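One-letter residues, chain by chain:
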Amino acid sequence: MDASEVWKDVFQNLKSNADVYLGSDKIRQVYKNPGLSISFSVDDLDHRINACIRKSGSSNYDIRILAGLVGALEQHGNEVIHSCPILFSDLDRTDEKRIGIAHSYLLYLWLDFIFCHEWAHALCGHLDFDSRINEWYEFENEEFPAKEIENQISQRLEAEADSVAAKFSLARFSTYWEGLTKELSPNPTGKRALRDYVIAMLLLFKFFEELRARAEKSKNTHPIPFNRAFIFLAFCLGEYSNIPGLPVLSSEDKDLLFGVAAVEFYVKVLGIDPTQYLIKSIEAAKFTESVGRTIESLGMNKYRIYAGKKINVNGKNEGKHA
Ligand SMILES: [Zn+2]
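Remember, it's a predicted structure, so these values are computed and weren't measured experimentally.

K.L.:
Just checking my understanding: could you explain helix α6 (residues 151-184) for this structure?
P.N.:
Since one α-helical turn is 3.6 residues long, residues separated by three or four positions face the same way. End to end, α6 covers just 41 Å across 34 residues, shorter than the expected 50 Å (1.5 Å per residue, more than 12% under). Its maximal kink placed at Y176, α6 deviates by approximately 55°. The buried fraction of α6 amounts to 25 of the 34 residues, a majority that puts the element mostly inside the structure.

Given below as structure tokens:
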């Protein structure tokens, strides 16, 4: 299959995954305005590495993933499969079919998280609380400094979008982990599937770190990627028992699995000094604590586009993952 065909498939699959979310009756029912519309597209002509959500009418939002981001994540997937030994640790690296499945999994997992993160900006009211903001780019946002939105605020809104995306991503994982792990591992277990999921997601935040390092001047509109990873882990742990269909683990085993995976990733793979890791974790916890206060002080609850206090992520979503 030539490259243009592969890309066409990827774009098509992303679109159908997004449509499963955006068209779900369960989700549509919780919108305050029944006429609300959210659309999704992959911009196959825009080769910048970015994703965006834009408000295009009083209750219309468009989510766009730019083709450059798909390409960059595809490349990141290729690299990490061969360079990160703790990811898919018993995957036969000489088996091209399995490598292909693993690669495809990473790409959809990461793009799904980014899609959910963009969507969360709309769900949480981030495009409605301040009339100066109608477009929200990731990596990093050119708009905020120009419109005098303080980094203190934008970083906490980004953190909130990550927390919602974490819950959606984990709910999606509950629907495919069993089938996927059988295809990837000779000894498939729930623990292995979950550990690979956690490490794969930490590798997405590592990708954010690499993009930041490449940028000429960091704008600090987003939290540092380590804090984003911390929020991801914290919200997965917090939400775990509310999502049916996840690997069955005792509360202690689950905490240990997430904690050990994170330490191995940052200390063993990335080579961060253990004391530094601890200090960074404490700082991340402090940052996470401050998110709720900022959201409250902005009166964000008034601007949520869904009714009720919480977004229900318990529904099973079907989606293409491998
Ligand atoms: Zn964002």
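K.L.:
Please explain the pairing of strand β3 (residues 60-66) as it appears in this structure.
P.N.:
The two faces of a sheet get side chains in turn, since along a regular strand they alternate between them. Sheet analysis places strand β1 (residues 37-43) next to β3, joined by 7 bridges and oriented parallel. By the bridge assignment for β3, D43 is matched with L66. Across 6 bridges, the pairing between strand β2 (residues 51-57) and β3 is antiparallel. By the bridge assignment for β3, R54 is matched with D62. Taking the residues between adjacent antiparallel strands as the criterion, β2 and β3 are bridged by 2 residues.

K.L.:
Which parts of the structure should I look at to understand the packing of helix α8 (residues 225-239) against helix α9 (residues 251-269)?
P.N.:
The axes of two packed helices give the description: the angle between them and the distance between them. At a minimum axis distance of 10 Å, the contact between α8 and α9 shows a crossing angle of 170°. When the interaxial angle is binned, α8 and α9 end up roughly antiparallel. Where α8 abuts α9, its residues L233, C236 and L237 lie against K254, D255, F258 and A262. Across the contact of α8 with α9, the residue classes break down as 5 nonpolar, no polar and 2 charged.

K.L.:
Sorry if this is basic, but what is going on with the environment of G125 here?
P.N.:
Topologically, G125 is positioned in the loop between α4 (96-123) and β4 (135-137). Among all residues touching G125, those that are not within four sequence positions of it are M300, Y303, R304 and I305.

K.L.:
What should I look at first to understand the nonpolar core in this one?
P.N.:
I65, W110 and L111 are the most contacted members of the largest nonpolar core, which totals 81 residues. Among the elements that make up this core, the one with the highest residue count is α4 (16 residues). If sequence neighbours within four positions are ignored, W110 has contacts with L73 and L204.

K.L.:
Any chance you could explain the pairing of β2 here in plain terms?
P.N.:
Pairing analysis gives 3 bridges linking β2 to β4, with the strands arranged antiparallel. Residue pairing in the sheet places R54 in a bridge with E135 of β4.

Reading guide: rules and limits
Residues numbered from 1 in each chain as written. Predicted model: local features only at pLDDT ≥ 70, side-chain atom pairs only at ≥ 80, totals over all residues. Helix = DSSP H or I, 4+ residues; strand = E, 2+ residues; numbered from the N terminus. Expected span 1.5 Å × (residues − 1). Bend = angle between axes of the 7 residues up to and from the residue. Buried ≥ 20, exposed ≤ 12 C-beta atoms within 10 Å, placed from the backbone. Pairing = 2+ DSSP bridges. Axes fitted to C-alpha atoms, helices over the stretch in contact; angles between N-to-C directions. Parallel < 35°, antiparallel > 145°, perpendicular 65-115°, else oblique. Contact = placed C-beta atoms within 7 Å. Nonpolar A, V, L, I, M, F, W, Y, C, P; charged D, E, K, R; others polar. Core = buried A, V, L, I, M, F, W, Y, C linked by C-beta atoms within 7 Å.

In short, the description is geometric, and any link to function would need to be established separately.
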